[in-house]
Amino acid sequence: MNDHDLELLSSYLDGQLSLSDSARLESRLKSDGRLVSALDDLRAARTLLRQLPKRRAPRNFTLTRKMVGLNPPLPRSYPAFRFATVVATLLFFFTFGVNALAPQLAQMSPFGMGGGGPEIFSAAPAATEAPAFAEAAATEAPATEAPAATEAPLQSASDLATLMPATQESARIAETPMTKIGGAENAGGVDQPQVASESPSPAPIIPSMWQSVFAVIAILGASLMALLRRSASNRWK
Amino acid sequence: MNEQALITDAQSGNLDAFNTLVLHYQDSVFNTALRILGDEDQAADASQEAFISAFKSISSFRGGSFKAWLMRTVTNACYDELRRQKRRPTTPLEPDTDDGEEMDSPRWLADPNMTPAQQAEADEVEHAIQHCLDNLPLDFKTVVVMADIQGMDYTEVAAAIRAPLGTIKSRLARARLRLRECLQGFAELLPASYRLTTDITQ
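As the structure is a computational prediction, the values presented were derived from the model and not from experiment.

**Q** How do you make sense of the overall build of chain A when you look at a structure like this?
**A** Scanning chain A from terminus to terminus reveals 8 helices and 0 strands. Put simply, chain A runs from its N terminus to its C terminus through helices and strands in the order α-α-α-α-α-α-α-α. Looking at the 237 residues of chain A, the share that counts as buried comes to 24%. Counted over contacts in chain A with a minimum sequence separation of 6, partners at least 24 positions apart contribute 76%. Carbon and sulfur atoms form 63% of the exposed surface of chain A, whose accessible area is close to 15,800 Å².

**Q** It is not clear to me how the overall build of chain B should be interpreted in this structure. Could you clarify?
**A** Along chain B, the regular secondary structure elements total 8 helices and 0 strands. Traced from its N-terminal end to its C-terminal end, chain B shows the element sequence α-α-α-α-α-α-α-α. Out of the 202 residues belonging to chain B, those deemed buried represent 45%. In chain B, once contacts between residues fewer than 6 apart in sequence are set aside, the share between residues at least 24 apart is 56%. Total accessible area on chain B is roughly 10,300 Å²; 47% of this is exposed by carbon and sulfur atoms.

**Q** Looking at this structure, I do not really get the confidence of the model for chain A. What am I missing?
**A** Close inspection of predicted coordinates is inappropriate in any region flagged by low pLDDT. Put simply, chain A has an average pLDDT of 71, and 59% of its residues get 70 or more. Every residue in residues 112-167 of chain A scores below 50 in pLDDT, and together they form 28 contacts with partners more than four places removed in sequence or on other chains.

**Q** Sorry if this is basic, but what is going on with the state of the cysteines here?
**A** Disulfide: a covalent bond connecting the sulfur atoms of a pair of cysteines. Residues and elements named next belong to chain B. This structure, assessed with the given rule, holds 1 disulfide over all chains. A disulfide bridge connects Cys 132 with Cys 182, and the sulfur atoms are separated by 2.0 Å. Classification of the bridge connecting Cys 132 and Cys 182 rests on its S-S torsion, roughly -80 degrees, and on that basis the disulfide is left-handed. In this pair, Cys 132 is assigned in helix α5 (residues 116-134) and Cys 182 in helix α8 (residues 165-184), connecting sequence segments 50 residues apart. Since its relative accessible area comes to 1%, Cys 132 is described here as buried.

What counts and what doesn't
- Residues numbered from 1 in each chain as written.
- Chains lettered and ligands numbered in written order.
- Predicted model: local features only at pLDDT ≥ 70, side-chain atom pairs only at ≥ 80, totals over all residues.
- Heavy atoms only, no water.
- Helix = DSSP H or I, 4+ residues; strand = E, 2+ residues; numbered from the N terminus.
- Buried < 20%, exposed > 50% of the residue type's maximum accessible area, 1.4 Å probe, protein only.
- Contact = heavy atoms within 4.5 Å.
- Areas by Shrake-Rupley, 256 points an atom, 1.4 Å probe, with all protein chains shown as cover.
- pLDDT = per-residue confidence, 0-100.
- Disulfide = S-S within 2.5 Å.

Next up, the structure:
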């Protein structure tokens, strides 16, 4: 008995041989007792296997949507809401970033992005204002000093004592313009950066109204998406 | 059960239709996994994995025998499980008797229609056959489980394991021969009508 005979017997047992092969094997089976015994043994082995008890599944293997990662079908408008929300959120943060970086960029590159503009505009009025203020102070100073000088002889000592603060004050007023005159002369040098730093910060590049609009769109979009998802899953259940 | 309609519905994502198919085939799938793996818990896990995998890839089913297609999925799940076992071998936890010895035939597996003696005998025969099945090479075991235990014809088995018909015939014959040789060692356990008498290889 060789492997080929064994294969023939196994196939014959299962009715898988062609008619001619079956006839040939049957004629051999009539004359060869060993083949018959082998066939009986194969049949017995097969019968044993077929009689193995069929176990029932220990539980149902039905699938849940979670097991297979299925999500409830969302309405067709959902992708549009998602897109709008994402874009609005990105734009919201972009506007914040641009507005926050604008002054720094302006300082870093005076000729770039019109950054030098505010400095020139803020320094120029300061330079022109300083002499004007100095001149006005110079013209006012004698006017305040003159009445004090004329009134002084007419007043008593007590009156003088009460007037002293006024005269001192007017003298101080007269002195301060003088120092400012000196400062005004140097306006182009030392005082210019001080004036420039006191000027108001430049206006934001993107108006804050747009930030509000983007924020509202993002919040509304996210809320609508959550609502759509919840209603879809409720309908699915 | 209109199987084709259920398959079509499942292919369009209808989980309920697929679950109807699951209920119909779950015993066959579980038994196949049980005989290949030889362990109930692992067989249950492999069956569940097979059904999940089958649902995810049901769009690739292009007709033919659905059972054969399902059996291919479960054998793949069993192969994965066996590979996992090779990487991380584990010690099975058998239930213990009062004496602390392992219980070969847990009570909950017993058939209530059998007497204790019959049950014990059936368990012994089953263990002998399972032992012989476990000693077969995986390719042989898969073929013999499908053909002789599940009763699938050669064409279905060939479709399930994607092998030529001649290979199926050859593997089945060799598997039966090896099983017969192995079962000779358990001759005293086998019912008289099933005892094996000759030595085929001589």
